[in-house]
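Next come the chains, spelled out residue by residue.
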Amino acid sequence: ARSMIIDLSYIAKNQFITEIYVYFLLRHIWRKIRERGFSDEIKYYVVLDEAHNLLSGRVSELISRIIRESRKFGLGIIIVSQLIDQRIREFFGNIGSLLIMKTFDKETLDYIQTAAGIDVGIISTLRETEFVFIDLYREKIIYRGRLLFK
């Protein structure tokens, strides 16, 4: 397996340039994935870290389209964000699972409870490296784990 990491920190100071770069990069990836045709299994992943900083205008529209259609082309999307704001919520209808770490943000907890139909009390009890994995289709926590660092 090969990985490619594209670090946008060197252009992150200019939001306009970042949005243009992300838009054209995602558009290119999406075009190449569709050229490969349909797939029954996820072969590729795109991870959008600090996604709340990337989701505006045309980038948000493109990501929304990719999320809706990506599975049939063997593409998985992982959205990483420190908060669940309105921009992230727009994608919840097409998200199958959540990995949540400790948060005390009432708005985020209320939204997770409503969207996932679960008691979120466990989230505020998590320790620094712990998380819960929530299956949104079955509306239940299916795993509680801990990140391991070397």
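A few points on the structure.

What counts and how
Residues numbered from 1 in each chain as written. Predicted model: local features only at pLDDT ≥ 70, side-chain atom pairs only at ≥ 80, totals over all residues. Heavy atoms only, no water. Pairing = 2+ DSSP bridges. Helix = DSSP H or I, 4+ residues; strand = E, 2+ residues; numbered from the N terminus. Axes fitted to C-alpha atoms, helices over the stretch in contact; angles between N-to-C directions. Right-handed = clockwise from strand over helix to strand, strands pointing away. Parallel < 35°, antiparallel > 145°, perpendicular 65-115°, else oblique. Left-handed = near helix turned anticlockwise from the far one by under 90°. Contact = heavy atoms within 4.5 Å. Nonpolar A, V, L, I, M, F, W, Y, C, P; charged D, E, K, R; others polar. Expected span 1.5 Å × (residues − 1). Buried < 20%, exposed > 50% of the residue type's maximum accessible area, 1.4 Å probe, protein only. Arc of directions from axis to C-beta. Core = buried A, V, L, I, M, F, W, Y, C linked by side-chain atoms within 4.5 Å.

1. Observations regarding the sheet that holds strand β4 (residues 130-135)
Next, step 1: Spatial ordering of the open sheet is given by β3-β4-β5, a layout of three strands whose pairing is antiparallel. Each of the sheet's edge strands pairs with one partner strand only, and the pair in question is β3 (97-101) and β5 (140-146). When strand polarity is set aside, the average angle formed by the axes of neighbouring strands in this sheet is 20°.

2. Some details on the pairing of strand β1 (residues 44-48)
Next, step 1: Pairing of β1 with strand β2 (residues 75-79), which is carried by five bridges, proceeds in the parallel orientation. Paired with Tyr45 across the two strands is Gly76, which belongs to β2.
Next, step 2: In terms of handedness, the path from β1 via helix α2 (residues 57-69) over to β2 forms a crossover that is right-handed.

3. Re the packing of helix α1 (residues 15-36) against α2
Next, step 1: Where α1 meets α2, the axes come as close as 9 Å, and the angle between the chain directions of the two elements is 25°. On the basis of the axis angle, α1 is roughly parallel to α2. Note that α1 runs across α2; the crossing there is left-handed. Contacts between α1 and α2 involve Glu19, Val22, Tyr23, Leu26, Arg27, Trp30 and Arg34 on the former and, on the latter, Arg58, Val59, Leu62, Ile63, Arg65, Ile66 and Glu69.
Next, step 2: Among the residues forming the contact of α1 with α2, the class breakdown is eight nonpolar, no polar and six charged.

4. Looking at α1
In an α-helix, one full turn covers 3.6 residues, which means residues spaced three or four apart are oriented alike.
Next, step 1: Taking 1.5 Å of rise per residue, the 22 residues of α1 would be expected to cover 32 Å, and the 32 Å separating its terminal C-alpha atoms lies within 8% of that figure.
Next, step 2: Buried residues of α1: Thr18, Val22, Tyr23, Leu26, Trp30 and Ile33, and no others. An end-on view of α1 places all buried positions within 125° of arc, on one side of the element. Summarising the geometry of α1, the exposed residues directed more than 90 degrees from the buried face are Phe16 and Glu35.
Next, step 3: Looking at the buried side of α1, the elements it contacts are β1, α2 and β2.
Next, step 4: Looking at the residues trailing α1, positive phi occurs at Gly37, about 90°.

5. Side note on the nonpolar core
Next, step 1: Counting 36 residues, the largest nonpolar core has Leu26, Ile63, Ile100, Ile112 and Ile134 as the members making the most contacts within it.
Next, step 2: Elements that contribute at least two residues to this core include exactly α1, β1, α2, β3, α4 (106-116) and β4.
Next, step 3: Setting aside residues up to four positions removed in sequence, Ile112 forms contacts with Ile84, Ile100, Gly117, Val120, Ile123 and Ile134.

6. Quick look at the environment of Ile88
Next, step 1: Relative to the assigned elements, Ile88 resides in helix α3 (residues 86-89).
Next, step 2: C-alpha of Ile88 to C-alpha of His52: the two residues are 36 residues apart in sequence and 6.8 Å apart in space.
Next, step 3: Once residues lying within four places of it in the same chain are set aside, the contact partners of Ile88 are Ala51, His52, Leu55, Ile79, Ser81 and Leu83.

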